[in-house]
Structure formats: C-alpha cells, structure tokens
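# Architecture and fold: a report
Below, each chain spelled out in residue letters.
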Amino acid sequence: MYNILVGGAAGQGIDTTVSILEKLLKRSGYYIFTTRDFMSRVRGGHNFSLLRFGTEEITSHSYILDGIIALNEETIELHKDKLNKKGFILCDSSLEYSDPDLNIIKIPMTQIAKELGNIRASGSVAVGAVLKLFGEPFSYVEEVMTSQMKDKILEVNVKAADAGYKSVESLFEHLEGGFSDYMLISGSEALGLGAVAGGLKFYAAYPMSPSTAVLEYLASVGNSAKVLVEQAEDEIAAVNMALGASFAGARAMTGTSGGGFCLKVEALGFSGIAEIPLVVVDVQRPGPATGLPTRTEQSDLKFVVSASQGEFPRMVIALRTQEDAFYQTARALNLAEKYQIPIILLSDQYLGDTTACVKPYDVSKISMVNYDTETEGDYLRYRLTEDGISKRLIPGKTKHLVAADSDEHDERGWITESATVRNQMVEKRMKKLDGLCDELLEPEFMGAENCTTLLLGWGSLSGPLKEAVQTLNRNGGSYGALVFGDIYPLPQKQLKKYTEGRTLINVEQNATGQLASLIRGETGIACHDSILKYDGRQITGEEIVAQLLEGGQKS
Amino acid sequence: MYNILVGGAAGQGIDTTVSILEKLLKRSGYYIFTTRDFMSRVRGGHNFSLLRFGTEEITSHSYILDGIIALNEETIELHKDKLNKKGFILCDSSLEYSDPDLNIIKIPMTQIAKELGNIRASGSVAVGAVLKLFGEPFSYVEEVMTSQMKDKILEVNVKAADAGYKSVESLFEHLEGGFSDYMLISGSEALGLGAVAGGLKFYAAYPMSPSTAVLEYLASVGNSAKVLVEQAEDEIAAVNMALGASFAGARAMTGTSGGGFCLKVEALGFSGIAEIPLVVVDVQRPGPATGLPTRTEQSDLKFVVSASQGEFPRMVIALRTQEDAFYQTARALNLAEKYQIPIILLSDQYLGDTTACVKPYDVSKISMVNYDTETEGDYLRYRLTEDGISKRLIPGKTKHLVAADSDEHDERGWITESATVRNQMVEKRMKKLDGLCDELLEPEFMGAENCTTLLLGWGSLSGPLKEAVQTLNRNGGSYGALVFGDIYPLPQKQLKKYTEGRTLINVEQNATGQLASLIRGETGIACHDSILKYDGRQITGEEIVAQLLEGGQKS
Amino acid sequence: MSEFKTYETAWCPGCGNFSILNSLKTALEELGKSPHEVLMLGGIGQAAKTPQYISANSFCGLHGRALPAAVAAKIANEDLTVIVNSGDGDSYGEGGNHFIHNIRRNVNIAHFVHDNQIYGLTKGQASPTTAEGHVTVVQTEGNINAPLNPMLLALASGAGFVARGFSGDAKQLTAIMKAAIEYPGYAYVDIMQPCITFNKINTFAYYKNAVKPLPEDYDPSDKLEAMRIAMGLDDKIPTGIIYREDKPDFHKKHVLLKDGKPLLDQERDKGVLDNLIHSFI
Amino acid sequence: MSEFKTYETAWCPGCGNFSILNSLKTALEELGKSPHEVLMLGGIGQAAKTPQYISANSFCGLHGRALPAAVAAKIANEDLTVIVNSGDGDSYGEGGNHFIHNIRRNVNIAHFVHDNQIYGLTKGQASPTTAEGHVTVVQTEGNINAPLNPMLLALASGAGFVARGFSGDAKQLTAIMKAAIEYPGYAYVDIMQPCITFNKINTFAYYKNAVKPLPEDYDPSDKLEAMRIAMGLDDKIPTGIIYREDKPDFHKKHVLLKDGKPLLDQERDKGVLDNLIHSFI
Ligand SMILES: Cc1ncc(C[n+]2csc(CCOP(=O)(O)OP(=O)(O)O)c2C)c(N)n1
Ligand SMILES: Cc1ncc(C[n+]2csc(CCOP(=O)(O)OP(=O)(O)O)c2C)c(N)n1
Ligand code: SF4
Ligand code: SF4
Ligand SMILES: [Mg+2]
Ligand SMILES: [Mg+2]
C-alpha cells in the first residue's frame, strides 16, 4: 500500500492533479482512497489531499507518507515529518527548499508546461512523474485524461505528463490489484446517485459547504436522470419546496449542512404531522454556527434526533461508506414513502469529499415503494389503521380530495381541537415506529467475536475504526467495533449482544460523545471510556490504535 | 376552597368577566388560581376558564366544580357532569336549557344590561351574581372595576353588577383568607416582569401563541421600564436583533413558541461560539408543527437541550410557577451575561396563561451581573482563561476593538483554521459549564422524605404534582416528587439522593417521556413507570392521584 | 357543473374572508374547474385557513411558507391548478423572501393575499401593511415602520401579473381571480379585506370609500405607469389589474418541463442509471 | 488622523473586494472616524469577511442575518457608526426578508452590498442577481430565474438612500460611501464587484464598459424618475446616488430614542419596578 500527499495553496490545482492521478492508479488496478483537507478560501492558504492506494480495501486515510507532491514550500515544511524513510518529495525546480536528509526530487514542471505552451499543464508533469516513481505504465494516461478534460487542452497535458514521466526514475514497484473495474466515487456523489436510484424526482437546496457537492452532482445529472434540481432562495424554501413536491407526487429530497439544517427544522415537524415523505441530508461540518466550513465533524447527531418542536416519528441514518451512501439513500427515500415520515441522512465532510473504490452498485438490491394510486369508497387521508399508515393518494391523480395540514387534524385532514382525536392521531403517528423498528438495520460488527474491548462508533468513523481494529487484532489485541448506520431509532439487538461484560469505548468525531449519550438514554448502557476528536480533522485508523495502546483517551 | 367555570364562545367576554371576578375575590382575601382553556379562533367555538379560590395556596386547576357561569347552552352540556352536588349553574334567562336535577339559576343578564343602556355590561351582571352566591360583600366592586375599565363605561358596569348582586341569594359562605396583599399575575406577565427586573433593555419577537402574551406585556410596560420592544419581520430577525443588541451592550431577550423556536436555532449556536449573552423564551404548545396553537404541552425539552449544530455550553431552565417565572427569568439574564452563553427558558401555555397569587416579588433577591467596562493593556475578546470566561467589553464603550465571529476564531476573534486553536476554543467554551454546574439549582422536593414512590416532573407540572402529593399523603400514601426547574445541565444531587431504592414515575405533559429520557441519558437512572398526557390539556392534581391509585398509567 | 362547497368556517361572522371565499368559488366554477384538479395552499393565519373551507385538494403548511410548497407542487404536476390564499403577515412578513424570489421564478400559480393590514389569528399586532401610526397591543405608541407597498414591491420584483381587489367588490374580484388563475405564470392579487375584530382603522367603510376601480381604458402593459399608479400618488386606491405582461413561465423555460409532460409522470430512459454508475468506473 | 488598517485577507489576488475595502477605509478616514467608534458587520461570504479585514469593531454573524443584528446594535447604541458589508447572496438571497423590512424600519446604518452576481465563497452558484442564461455548476442549462433588480427593489420598499457604485471607480465609490455613512437613516449601496474566479461573465472589463455615472445635474429627489432609471431602460448601468429623500429615521420616531440618549445608557426611573410589581396587587 502507498500513500502520497499532494499539497499547495488553494487555486494551485491540487484537485485536478489528484483526480487524474487517482483514476490512473485505479485504472492500473489499485484500490483508491483519497481524502481532502482544505480551507474555507478560494485562493491561498494551505490545502492538501491524501491519496492512498493499494491492492486491498483501504478504509482510512493515514499520515504516514511515501511521497509528497509539493506545489509550494509550505507543503514541505508542514508535512515532511510524516515521510517514511524511503519517502520522496516531488516539487518544482524553482522551489529553493533543500535538506540533505530528504529525498527531494525537483523537476522543472512550470518550465516544461510553459515550453509546451500552457502553464496550467504543470500538474500533468507531476502526474507523469508520480506514475514513473511508482513504476506504473504510461499507457492509460491518454484514456483517463480524455475523460477528464476538454479536447483542446488534452494534447498538451498528455505531452506534459510524458515529459514528467521521463524526468524521473522509478522508486517503488508496481503492485498488481484487481480493482480496475470498481467504481471510484465520493460519498456525496454516491449519495446523489443513490437518490437517483431511489426514485428521486425533485431536489431543492441552497448551497452550503460541504453539502454543495450533492447539489452539484445532482445538477450535473438532472437532465438525463429526470431529476429537477432547484436552487432555492434559502434553506427554508428548499425544504418547503421538497414538501410541496412530495405532497404532489414527485419524490423529493433536500440537502444542506448544519446551519442550513437549522432552518429546515420547522419543516421536519410538518412532514411528521402531515405525514408527507421527506428526506433531508445533513452533510456535517464542525460547528457551532459557521464553525469550520470545509472541515469535518460528527456533532449534529443529538441535534437531528430531536430537532423540531413536539413529537413525531422520524428516522436518522448515518452514512458510513461510499457503499452506504448509495444504498442507504435509496432506502431512505423508499422508507420515507412507506412510513410517510421525515428521514434524515447524516453524512459529513470526510465521507462526502473522500473518493474510494466500491463494487459497482447493484440496482436490483433496492426495494422500491410507491404511493397509493386509488382507493374504493370514502377516502380518509389520515384514516386510523392498525399500523398507523394510511393510504397516501396524490392530488389530481384521483377524484378524491387529498389534504395536508400542519395543525392537528382529524382523519380527513381537517383542523381539530378534540382531545380524543388528538390522542388518536398522536398514537397513530407514533405507531408507525413499530413497523420501522422491525426493519432497522443492526450496526455492523467488525473484529474479534470474543473481544474484550468493544469500540462504538457511527457514520464515517466506520473506515478508520475498521482499520484500527484490524491493526490491533493483527498485533494480538482483542478488539471489536460496532458501527451504527441506522442510528435512530437506535437498533438494540447487537448492542445488547456485544456490550455485555466488555470494556466499552466510544470513538467519535465530536467533543461530547453524542453516540454514547444516545445509547445511554435509550438503553442505559454506559461507555467506560471515549476517544473524541473535534479539531475538524478526521481521526485515522492509526491514531485510534495509538490512543488505545497509550490508553491516553479521555473518559 | 371553591371552583367555578366560566364558559361560552370566543368573543362572548369570558376573559373580562373572569379577570374582574378573580380580582374581586383576591381583594376580599382569597388565594386565586385561574386557568384558561381556549381554541385557536377569534369567534365561536367553546372556551372556558376555571377560577379556583380559597384560603390556602392553590397550585392546580380542578374539574370538580361548585358553579358554572354559562354564557351559552353548550357550556352547560359540556360541563354539567363536573358539578358538585351543591353546585349551581348561572345563565341568562334567555337560555332554554332546563334540567330538574340541576340547580340552574337564570337571571336576565342581557336584558338588565340592555336596560342599563350597554349590552356589553351583561358580564358584570354575572359578576355581581357570583359575588352574592359566594357570600361576598359588594364593597370592592367599584374599586376593582375602576382599575379594569375605561371611565365612561364604569358606572353602567357597577350598576349591572349591583343588579346581578340583588338578583340572587347566597349559596356559599365567605371564607376569610389572607391574600389580599398578594400579587395576582399570569406566568407570562411574571416572566416579562422578571426580565425587566433582570435588567432587560431590548426585546425582539414575532407574534406567536402562546408566547405573544410576553411580547404584549413587555410592550405595555416598555416605555416606563425603558425596554425597547421591537416586533420583528420573522423569528430569525428577532433572535439576530437580540444578538446585535446584546453585543452592543443592551441586555437582550427574544421569545416565541415551538415553530418560532425552530427558526432561532441557528442563532443559538452563534451565541454559543461568539459568546454573546442571549436569553430565548419558548412558551411551549402542542406540536408537531402548528399542532394545537392555543393549548399546552411539555414536548420541546429534548429539542431545546440539543438544538443547533455543533457543541457549545447552554443552559435550559424550566419555569414551574408564577414565582419562578419572575425570579428565574431575572436570573437567566444575569447568568447569560456571566457565562456569555445562550439560556433557554421553557414555559408553556398552562403556566403562561394561568393567573395565580404570589407573594410580592422581592427585587433585592436578584443578583445583577454586568459586562466589563475596561481592561488594561492588550485586549483579547476570547482570551483563554482558567474558567473559560473572557472579559466582555462593549464596542464603542472602550478604545479597544471588540470582535464577534460565527466562524471558529482565535483569541482576538479572528477566523482561524488552526487545529490547536480550535481545540483550545472548544475546551474554553465547554469549561464554562463547570462554573455553571456549581451554581445549578437542585429540583424541588415535595412530599414525604421517606416516601416509597417518587414522582419526577418538570416545569408547569409542579403545581399539579404538589397537589397530588399532598392529597395522596393526606390519605395515607407515601409519595414524594422531585420537580426540575434548572433542567439542563441536569442537576444530579437530589436525583441521586432521592431515587435510590424508590419506585420512580415520571409525570409529563408529552407522549414520549422526555424528562425520563434525559435523566437516563445523563445519569443512567431509569423510571419504572410514567404518566403521560398529550391531548393539549394540562393534567390536574386530581387526575394524577386517580391514575396513581388506579395504577392505570402507561409504562 | 363543477361544485366547490364551503365547509363550516372558524371566521368571525362579518369577516371579509367570506366574500373572498365566495368570489374564489365563483371564479373556479365559472372557469369550469373540478375540485380534484385544484390544489389550494395556505400558510397559517385566518386567511390561510381558506383551503380548509373549500372542497378542493388542500395543503395548509407552515406560517409564511405556502409559496415554496405551491410552486414545487406545480413543478411536480403541472396538471394541477395551484392557488395560494394567505394573509398579509404570512405573505409579506414571515414569507417575504419567498414572495420576491418566487416572482423571479415565475411558476404558473395564482397567489391571493387577503390583506387586512393586521395579524388576525394572533389577535391584532401590526402586519407589514399596517398603516403608520396605527396603535395596537404591541405598537402601543402607534406603528412607526413605514408600511410596505405590496403592489410596488411586486412590480419591482418583476411580477408579470399584479392586481388589487377588494373583498367588498365581488364582481370585480371574481373577474380578477379568473384572470389570475388563467394567467400563465405567477399571478399576484392583493385583496383588501376588513378584519372586523382587530382592525378598527381599515374597516369596510374605509375601504369602500378609499377604492376606485382603474378606468376601463387603462393599459396594464405599461410598467412605468403601473409603478406610478402603485406608488399611490392619486388619492384613491386603484383596484383592478395594474400590470400584466406576457412572458415565458418557469415550465416553458425549464429543459425538463418545456415539453409539457408533468414531472411526476416522466419516466427515466432505460439504461440511464447504468450509465451513471458506469461513469464512475 | 484616524487610521483604519487592513489585515491579511483570504481573498483571491485581483478580487474586486480589495478596492471596495480601500474605498471604505478612505471614506472612514475622510469622515474623521476612529476605529473604536465604528462597528462593521457582515453575514457569511467573501464580501462578508470585510469586517475581519479592517481595524474596527467587528461582528461576522450568520449568513444572511447581518442586517437585523446591525440595526439592533444601532438601536442599542446610537453613538456607534454602524456599517454592513455583505454579498449579493447574503443580502438578497438568504437575507432578502431582512432587506425589505429593514428598509421599512429605516434605522441609521449604511449597507454596502458587494454585488458580484455570484456566490463566491461557495464557489460559483447563481445568486439572486446572476444574469439569465448564466451557466454555473448548478444552473447547468443557464440560469432561468429573472435576476433581481436590487435598485428597483430598494426603491419600491421605500429606501430613502439608494445608490450604485462600482469597485473600479474608487473616487465615486468613496464619495458615495461617505454620503451613505452620513445619511441619517438606512443608506443602501449596491456595488458592482468583479469576482475574477467564479464570474467570467461580469468581469472587470464588462462592468467598466457597462457603467456610466449619473449626470452631474441629476436630481435624486424624484422617486418616479429614480425608478425609471433603476428599471435599466437606458443601455448603460447608471452609477451614483439614484435616490435620496430626507425623512425621520427610526430613532427620531421611537419614543424611547428620540431624545438622543443611547438605549444602553438609559437608567430606569427609580420606583418603576416597584410600581410594576404593585400594579398586580
Ligand atoms: C413560525 C411561526 N411564527 C408565528 C406563528 C404565529 N402566527 C400564526 S398566523 C400569524 C399571522 C397572521 O397574520 P396574517 O398572515 O396577516 O393572517 P390573518 O390572520 O390576518 O388572516 C402568526 C404570526 C406561526 N404559526 N408560526
Ligand atoms: C445558513 C447558511 N446557508 C448557507 C451557507 C453557505 N454560504 C456561505 S457564503 C454563501 C453565499 C455567498 O455569496 P455572497 O453572499 O454573494 O458572497 P460572496 O462570497 O459572493 O462575496 C453561502 C451560500 C451558510 N454559511 N449558512
Ligand atoms: S379576526 Fe379578523 S380576519 Fe380573523 S376571522 Fe375575525 S374578522 Fe376575520
Ligand atoms: S472567489 Fe471571487 S469574490 Fe471570492 S475572493 Fe475570489 S475573486 Fe473575490
Ligand atoms: Mg392579516
Ligand atoms: Mg456574491
């Protein structure tokens, strides 16, 4: 497995370089896992990507580097300490930095690009050089670049890569992997694609990092996928548009990040009481308020499980991987339809912006649920039923009249002040949770069945936890991990099975241990210790291992 | 103790009649407790008030009636079953209703009023009649009416009362109470008055039942109290206005009910990260969404304790009584200033609209805290300190420059992306909770110290619980109750002391048992059973007793 | 003939909302609409209860948020006749942002604002259109904020159909409503409506005396003239269609909608999903 | 002389925001303001970072919410010179409702909108002022919503000071800013600002060619003429003070503020609290 860092200032083209590199490496068979660390600015500052590639599944980023592609000096300063002994630094010849202890490879990238007539092709010089350094063939360059750039700049970039390729010697050997047929997709793209697969027809959103990636992906495929994507004037409009579209029969979703989620909270309750299917995506970032806009955190869990006044059934699904992001989004849209409830999908910047390899999605795994098309006799939109679910007809698609109301209402959907009807309606709505609880997905257990220490985590910490547990057990540890996807209502079977008699440590990307608190409130099970990180940077598998072995975690 | 119901349609003048009656009865020495049950409409429907009066403290409404003042027939139909054996029904002679089993007293109220030249004075005829029925003197009528109505209609109303007084015979005897010097005040007025006493300078709000009562009270006293009251274009504006005013040095508060609270959620986190003192009032009503706008519920607890993305210190205080509403609001404003945090005051329609007697407030009990006025040397708005509290200067009141930022920031208040500074700032902010936790007020314990069953409640259920425990213990029961005012962070000393070895039953005005869930999440202590009511009508002391004795409560 | 029933209402007897509801029913009936083809939406308020009081599909949403729901419902299914009835507080106060931005969107719906210049349901606070100086329970010294001029605001925001009606002139109101419902785009009508309980200033008599229908020969296609009229420089309040402009609506401009097939009935081409998946390989 | 430093910024080199910041500094210095007397506010966005880049009191609030905080700060302490700098998305999109209603409130602040016709910080989506047809990452077929006309909107909402500047005309912009800061009421300036990274349509060259200062003898007191100008019927975009009207601001109309004593310094009369308590006995 290899790990390289591409770093520089915003605007220096890190993203393009990395996105071409990762595709080339996957094309040649590697499993890819690329994370992105960037600042909330358009130019300047310091950004970097970590591209890890190998011949087996990779689930976490790592700060142990085989190489640094430094687009400026700062990158070297900031990251050289993370280099392996064999590690190299690739940079432009114009950088004055020198250090005899480091293997610094300077090539005249800018000059080559200039000579080729397009200064922006300097990144491709680096791409070529990296390929050579890792003993890769040059053969896929043209194919991959064709899919990535406009025709008119293709040739110069291929030439630039070629020049880069020729300018260095190989340092590492090519490893043979079997992943060239896998998809390479980011969490946010996977989420968008899952929504399409789940029958999405309408997406309304207001831009907000890091959720904008979902909006932009859906906008890019909207025409072919027949999904109407509308940028709203604000988040309140976005969610109310989604509700209007959903009521009228177009499967609808809206997405945002923390601050925007706040503005959608009132509408969650409306979805709850009016029983209008709704999926709301929250791609988390560090709060409170504006916080660290382009970084990652898992600190909206407690917020979203109880957001909005009053009480109504809801479901919260935390997305763990690029695989989850697809299947769970499709499932969420269908469960929202089935139970006529709001469902919240929790993603985060780490998952959303990380690209990873996944097995091509299998659309046949998705069970589609549709609204009702007609009904005999009298129609009562909110008919009291055994399971709390009433037939949902679509206005205009039936001769019956369909009502929705944010006030408490009777079976027809008309405002009521009756205490009896109120009780019936609260109970009807809450009853839907029974059905939902029966089909909850239990958390994923990873590690040793008979472990002594159980790590508890959720969402995007899945990957780092997986790597940590593997490393620990490989070195004689006795660790397991339970990682929640469906998180509210909280599935409890695995929890009861695996927590009994074990040391419980919650590992979370937040400051207060929100999962631990949720588990305790729902089950009484208390964690013994915790590993919490809240600086906006995702914890790596390695850091989890280190903290566990040093025992330095906070309790 | 006596209990009468005044009922009719919206617009028939129930409120005026009741408000004159309760003042007259207090003037004559009674303790008063009046609750209001009304629909979300301006005319028609069915509304009623329950006026309970006696010679000892009264803390709950009751549905066992000594008399009904029926402004229409529906009132008789709906409530006659609640009458005591000795109970009477007072109504206009024009009502055709008759029932030999009931003591129906018909007087020609409308006709008398018409003859006196003002048909709207018919309510005063009823007032006079009620006074006589309860053996009260007529002597305070003029004094009280003077304080309640415009001069030009005073005389006719006094005459009407006199006519009413003369039209019936006494049924009950006057009881001698010592409460004529007490205040008679509603929860919402007490809250507003407490805010004034706590140094409020600026109140911004958008109308929303039942919180509008706070807005209207403050608007009515703003000029003399030097509180600028601004009606905002929406709730988002209201809370951001409060933050702007607070930052600039005017002590600020904003108030609303559930749906409006949703719109203020984003600003809570801004107050948290920018450390701008803020008090937000949520006068709860039944949700979700629009729900039952004029009724009562305690279902926003879980919502407000975790509302807003990210993590920051906050405090939630549930108001229990007309006394709490005053003192705790004043305290909240000062604690918000001291810790530079957002504080949420939870009231509800029951408390807000209920008028009760309280001992005149003692302003000297309030400890005032002020912002800092100057500092030597360099000024860092967010200086890292032992207790997490940094000096808060007011812009323009110092030569130093003062910054506020909703992004993560350094000690000066400038945007940062540093992981180290981020960690320091999260920890600085959370550290403020240590100081706050040291000065939390423990829940009130009521009942038998050595009880076997402990009832757990919060906020406005305080009164009904108090009555229930008294009744139960008077009849040989062994009950206690712990009722939370400060509720988040959750004070735990009394909880640990009193829960040990006892049967725990949470009594809440919601469907999911939010206090029980909070207690379990924070302490692991689980309730054994619960009494939950969620039809929008507050449970009475008597109903709690009945449910406990029948053991019919849900678990 | 189609029939739009009225159900029992919770309005005060004598309220201007009754006549508005009547005009609306007449308009729908005269246009030959059937109840199930019509979707009525409102936010929260007295006016916003209108959808509950007429036999049609109904959506009573959140305070201030009827417009986004309405335009999205129309985007989802253009076969629906979509009408919003809501109050001045709902439409211009809480919902002000949606008002100006949905004018820009120009989705084919009709928006009827029952403008009683007061918050009715919450019992009498100033609304954005309350006159300066009007004393209320909150504006105890009289409202000091300049009232919004909704006609001018709509024109400035680019609305293509701007009209004003009066609940007391049923004939004209019905005609305006019909034109608004038929207008292919966002059609906006501010309807002056007495609130007999909480607005003692802008009473039926006040409005009756204040309004004056636009002259027969008024040309509603001149925007500058419409703005002059909307500025209220004349002493009477003009009623009628103040401005009307023909321009393509949202559906005509949107690549997915311009062919006229309702979004909810659009089938995705076979193989699209596979292609999308494949694009990541 | 007073001095307003610039701190290190995170803007792209060449961004129009730099010139706006410079004009602002010059304006403040020429008006003889001291940094501690000035409170700068912004929402969230590239423009909204302005308060962080100048030595004054600063308040960077929530996206879209600078105005309510600003007017309340001014209400709290009228001794502060209160200035809002924010983007077109912040001011007209997320913050649209506060824009129209604070015009009604007419609190004495200056509001400078850096209008680059795009969402800069979030990397290039359409803003309310983005031209029709402009292709972006979200508006992949070109923007189909009619752009807002902010000048006209402000006039229609009743603003008493409405101006337009261009970041490339520092002299005029400084003069406008000075007039806006000195105007006793809500003074609004929309400033055309190239975003060199995300708006390749409305570039410096585009604006340079499009703008034309209003003639010297232009009379900004005629509202109808101002609206005509704002409608953009002429082929050039007029810059300068389009409309200016003298009218009492919020403070002059509010009973608690009209005497000129800042709210935060007002002492409550002795005995008031006792009287209030007593009123319930
Ligand atoms: C978020 C939210 N804020 C406030 C309210 C309370 N509220 C209900 S209706 C209303 C205003 C009604 O005024 P208007 O829209 O003019 O309607 P009217 O009753 O006058 O017809 C308000 C403030 C609410 N339901 N939701
Ligand atoms: C509630 C909320 N929604 C969305 C965002 C994301 N956001 C930050 S700035 C911005 C728009 C910036 O555009 P503009 O106001 O025009 O400023 P510019 O960057 O162009 O100067 C958005 C959508 C946010 N921070 N908060
Ligand atoms: S309060 Fe006013 S608007 Fe509401 S129903 Fe009564 S008269 Fe009509
Ligand atoms: S993205 Fe545009 S607005 Fe933002 S700093 Fe760069 S050039 Fe300026
Ligand atoms: Mg109204
Ligand atoms: Mg912009």
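Residues numbered from 1 in each chain as written. Chains lettered and ligands numbered in written order. Predicted model: local features only at pLDDT ≥ 70, side-chain atom pairs only at ≥ 80, totals over all residues. Heavy atoms only, no water.

The name an unreviewed UniProt entry assigns to chain C is 2-oxoacid ferredoxin oxidoreductase, from the organism Lacrimispora algidixylanolytica.

Going by the annotation in an unreviewed UniProt entry, the name recorded for chain A is 2-oxoacid:ferredoxin oxidoreductase subunit alpha, with Lacrimispora algidixylanolytica given as the source organism.

### A look at the overall build of chain C
Secondary structure summary: chain C contains 10 helices and eight strands in total. Taking 19 Å as the expected radius of gyration for a compact globule of 281 residues, we find that chain C reaches 20 Å, a close match to that expectation. For the C-alpha atoms alone, the extent of chain C along its principal axes is close to 70 × 45 × 45 Å. In chain C, which comprises 281 residues, the proportion classed as buried is 68%. Of the contacts formed within chain C by residues at least 6 apart in sequence, a portion of 70% connects residues at least 24 apart. When the accessible surface of chain C is totalled, it reaches about 9,200 Å², and 50% of it is carbon and sulfur. A distance of 2 Å separates the average location of the 26 positive side-chain charges in chain C from that of its 31 negative side-chain charges. (Helix = DSSP H or I, 4+ residues; strand = E, 2+ residues; numbered from the N terminus. Rg over C-alpha atoms; globule rule 2.2 N^0.38 Å. Buried < 20%, exposed > 50% of the residue type's maximum accessible area, 1.4 Å probe, protein only. Contact = heavy atoms within 4.5 Å. Areas by Shrake-Rupley, 256 points an atom, 1.4 Å probe, with all protein chains shown as cover. Lys, Arg positive; Asp, Glu negative; His and termini not counted. Charge placed at Lys NZ, Arg CZ, Asp CG, Glu CD.)

### What to know about the packing of helix α2 (residues 66–76) of chain D against helix α4 (residues 96–105) of chain D
A pair of packed helices can be characterised by two numbers: the angle between their axes and the separation between those axes. Residues and elements named next belong to chain D. Look at α2 against α4: their axes get within 8 Å of each other, and the N-to-C directions meet at 30°. Relative to α4, the element α2 is oriented roughly parallel. Where α2 abuts α4, its residues Leu67, Pro68 and Val71 lie against His98, Phe99 and Asn102. Of the residues belonging to the contact of α2 with α4, the class tally is four nonpolar, two polar and no charged. (Axes fitted to C-alpha atoms, helices over the stretch in contact; angles between N-to-C directions. Parallel < 35°, antiparallel > 145°, perpendicular 65-115°, else oblique. Nonpolar A, V, L, I, M, F, W, Y, C, P; charged D, E, K, R; others polar.)

### Focus on the pairing of strand β21 (residues 529–532) of chain A
All names here are of chain A. Across the two faces of β21 the burial is the same, with Asp529 and Ile531 and Ser530 and Leu532 all buried. As paired elements, strand β20 (residues 503–508) and β21 share four bridges and run parallel to each other. Bridge pairing in β21 places Asn506 opposite Ser530. The β-α-β motif built from β20, the intervening helix α17 (residues 514–523) and the parallel element β21 has right-handed crossover chirality. (Pairing = 2+ DSSP bridges. Right-handed = clockwise from strand over helix to strand, strands pointing away.)

### Looking at the nonpolar core
By size, the foremost hydrophobic cluster in this structure holds 216 residues, and its most contacted members are A:Phe202, A:Ile487, B:Phe202 and B:Ile487. When sequence neighbours within four positions are dropped, the list of residues in contact with A:Ile487 reads A:Leu301, A:Val316, A:Ala318, A:Trp458, A:Leu515 and A:Leu518. (Core = buried A, V, L, I, M, F, W, Y, C linked by side-chain atoms within 4.5 Å.)

### Comments concerning the coordination of the magnesium ion (ligand 5)
Residue and element names in this part refer to chain C. Those donors, Asp88 (OD), Asn116 (OD1) and Ile118 (O), are the protein atoms that reach the magnesium ion (ligand 5), and they lie 2.0 to 2.2 Å from it. Here the donor residues for the magnesium ion (ligand 5) map to a single chain with the spacing D-x27-N-x1-I. Here Asp88, found in helix α3 (residues 88–94), pairs with Asn116, found in the loop between β4 (110–115) and α5 (150–157); they are 28 residues apart in sequence, far enough to count as distant. Each of the two residues, Asp88 as well as Asn116, counts as buried. (Donors = N, O, S within 2.8 Å, 3.2 Å for Na, K, Ca; no water.)

### Brief notes about the interface of chain A and chain B
Taken residue by residue, the interface counts 63 residues in chain A and 63 residues in chain B. Taken together, the two surfaces of chain A and chain B that pack against each other cover about 4,800 Å², and 53% of this comes from carbon and sulfur. Counting across the interface, chain A meets chain B through four salt bridges. Across the salt bridge formed by A:Arg422 and B:Glu297, the nearest N and O atoms sit 2.8 Å from each other. Taken together, the connections running from chain A to chain B amount to 37 residue pairs in polar contact (both at pLDDT 80 or more). Every element with two or more residues in the side of chain A that touches chain B is listed here: α10 (258–274), α11 (301–306), α14 (419–438) and α17 of chain A. Looking at the side of chain A that touches chain B, the element that brings in the most residues is α10(A), giving nine residues. (Buried area = accessible area lost by both parts, 1.4 Å probe. Salt bridge = Lys/Arg side-chain N within 4 Å of Asp/Glu carboxyl O. Polar contact = N/O pair within 3.5 Å; in protein donor to acceptor, adjacent residues only side chain to side chain.)

### Comments concerning the relation of the copies chain A and chain B
Least-squares fitting of chain A to chain B yields an RMSD of 0.1 Å, with the transformation described by 0.0 Å of translation along the axis and a rotation of 180°. Seen this way, the second copy is the image of the first under a two-fold rotation axis. Taking C-alpha positions as the reference, the residue of chain A nearest the rotation axis is A:Gly521, at 1.7 Å. Residue by residue, 100% of the interface of chain A is reproduced at the interface of chain B, so both copies engage with the same surface. (Least-squares fit on C-alpha atoms with pLDDT ≥ 70 in both.)

### Section: the UniProt feature "domain: Thiamine pyrophosphate enzyme TPP-binding" (unreviewed entry) in chain C
In this numbering, the UniProt entry assigns the feature "domain: Thiamine pyrophosphate enzyme TPP-binding" (unreviewed entry) to residues 48–191 of chain C. A distance of 13 Å separates the end C-alpha atoms of residues 48–191 of chain C, which is 34% helix and 19% strand. (UniProt positions renumbered as here; feature names shortened; annotations may be inferred.)

### Details of the site of ligand 2
In the neighbourhood of ligand 2, 24 residues make up the surrounding shell, with A:Glu235, D:Gln46, D:Asp88, D:Asp90 and D:Gly120 lying closest. Two or more chains meet at ligand 2, and those chains are chains A, B and D. Within the contact set of ligand 2, an oxygen atom lies 2.7 Å away from a backbone nitrogen or oxygen of D:Asp90. Between an oxygen atom of ligand 2 and a main-chain N or O atom of D:Gly120, the distance comes to 2.8 Å. In the complex, the protein chains occlude 98% of the 590 Å² of accessible area that ligand 2 would expose alone. Counting residues per element, the shell around ligand 2 draws most heavily on helix α3 (residues 88–94) of chain D, at four residues. The residue inventory of the shell around ligand 2, partitioned by class, reads nine nonpolar, 10 polar and five charged. (Near = heavy atom within 4 Å.)

### Section: the site of ligand 1
With respect to spatial proximity, 24 residues lie near ligand 1, and among them B:Glu235, C:Gln46, C:Asp88, C:Asp90 and C:Gly120 are the closest. Ligand 1 sits at the junction of chains A, B and C, each of which supplies nearby residues. C:Gln46 has a polar backbone atom sitting 2.8 Å from an oxygen atom of ligand 1. Within the backbone of C:Asp90, a nitrogen or oxygen atom sits 2.7 Å from an oxygen atom of ligand 1. Bound to the protein, ligand 1 loses 98% of the 590 Å² it would expose on its own. For the shell around ligand 1, the secondary-structure elements that each account for two or more residues are α10 (258–274) of chain B together with α3 of chain C. Ranked by the residues each element gives to the shell around ligand 1, the list is headed by α3(C), at four residues. Taken together, the residues of the shell around ligand 1 sort by class into nine nonpolar, 10 polar and five charged.

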